[in-house]
Amino acid sequence: MILLPGEDSILFLVLDTESSHGRYSKEYKKIRFNDLVKFHGHACDGLYRGSYALSVALHDLFPEDIVDRTDLRVVSRNSPCLGDAATYLTGARVRFGTQDVSSRSGVWYIVQKISTGETVMVSEDENFFPQKISDVEASLSSLTGSKLSESLTILKNMQDSWVQSVLLKTEPDEHYHAKRIEYEWNEVPYRNQGIRSDIIFKNVI
Ligand SMILES: [Zn+2]
């Protein structure tokens, strides 16, 4: 990931194949944070935090900063936001057995390069995300009516404000840390799993 000045500041470079039975593409693509928002549906704190965390893990696996989206599998918490960031930025999908979830709390990912088995675990610093925002999130399930409506507005403002005034003022590796781990991928229990046919011929000259 490259952090650029300005509004849509987060940029990833990714490599894919060139067709349904294609070789590796000769060119990489640029993915801006706003592209990720179009896929996920909204620019939430989870999408930002997931992007920051993944950028650290992916830089560790791809020091040239061109992410091979044909060669990755990922585990995260089953958050809509964290999981979508992983799917879009790595090419991992449950239906091809390359994406899985675990109940471990927090913002973290296990990212594995399929071809080599190299695996990185990345985690957000504890207490980086303010507890008071998490407390408001946790309180929502006990609220109804106007109290719930009011809290939803307060929560979104708190999240947006933290992203703009704290997260985006930092470099990803300040609060997200990767370490290499030994990791044996467990088969993802999904009975409709198929073969990802668009990467089979990627190495054909
Ligand atoms: Zn989200």
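A quick note: this is a predicted structure, and the numbers were derived from the prediction, not measured.

S.K.: Just to check I follow, could you spell out the overall build of the protein for this structure?
M.R.: Each helix and strand in the protein was counted, giving six helices and nine strands. Taking 17 Å as the expected radius of gyration for a compact globule of 205 residues, we find that the protein reaches 18 Å, a close match to that expectation. Taken along the three principal axes of its C-alpha coordinates, the protein extends 60 × 40 × 30 Å. When burial is assessed residue by residue, the protein has 30% of its 205 residues classed as buried. In the protein, of all internal contacts separated by at least 6 residues, the share reaching a separation of at least 24 is 67%.

S.K.: When you look at the environment of Lys 147 in this model, what are you seeing that I'm missing?
M.R.: Along the chain, Lys 147 turns up in helix 5 (residues 145-165). It is 35 Å that separates the C-alpha atoms of Lys 147 and Leu 54, two residues lying 93 residues apart in sequence.

S.K.: Got a minute to help me understand the pairing of strand 2 (residues 10-15) in this structure?
M.R.: Two faces make up the sheet, and in a regular strand the side chains alternate between them. Residue alternation in strand 2 divides its side chains into a buried set, Ile 10, Phe 12 and Val 14, and an unburied set, Leu 11, Leu 13 and Leu 15. The pairing of strand 2 with strand 3 (residues 29-32) spans four bridges and is antiparallel. By the bridge assignment, Phe 12 is partnered in strand 3 with Ile 31. Pairing analysis gives three bridges linking strand 2 to strand 4 (residues 66-68), with the strands arranged parallel. Following the sheet pairing, Val 14 is matched in strand 4 by Val 67.

S.K.: Would you take a moment to explain the sheet that holds strand 5 (residues 72-77) for this structure?
M.R.: The strand order across the open sheet built from five strands is 6-5-7-8-9, with neighbouring strands paired in mixed fashion. Looking at which strands have only one partner, the edges of the open sheet turn out to be strand 6 (99-102) and strand 9 (176-180). The mean inter-strand angle of the sheet, taken between neighbouring strand axes irrespective of direction, is 20°. Bridge count for strand 5 against strand 7 (residues 108-113) is five bridges, and the pairing is antiparallel. Residue pairing for strand 7: Ser 76 is matched across the bridge by Tyr 109. Here helix 3 (residues 80-90) sits on the sheet in contact with strand 5, strand 6 and strand 7, set at roughly 170° to strand 5.

Conventions used here
- Residues numbered from 1 in each chain as written.
- Predicted model: local features only at pLDDT ≥ 70, side-chain atom pairs only at ≥ 80, totals over all residues.
- Helix = DSSP H or I, 4+ residues; strand = E, 2+ residues; numbered from the N terminus.
- Rg over C-alpha atoms; globule rule 2.2 N^0.38 Å.
- Buried ≥ 20, exposed ≤ 12 C-beta atoms within 10 Å, placed from the backbone.
- Contact = placed C-beta atoms within 7 Å.
- Pairing = 2+ DSSP bridges.
- Axes fitted to C-alpha atoms, helices over the stretch in contact; angles between N-to-C directions.

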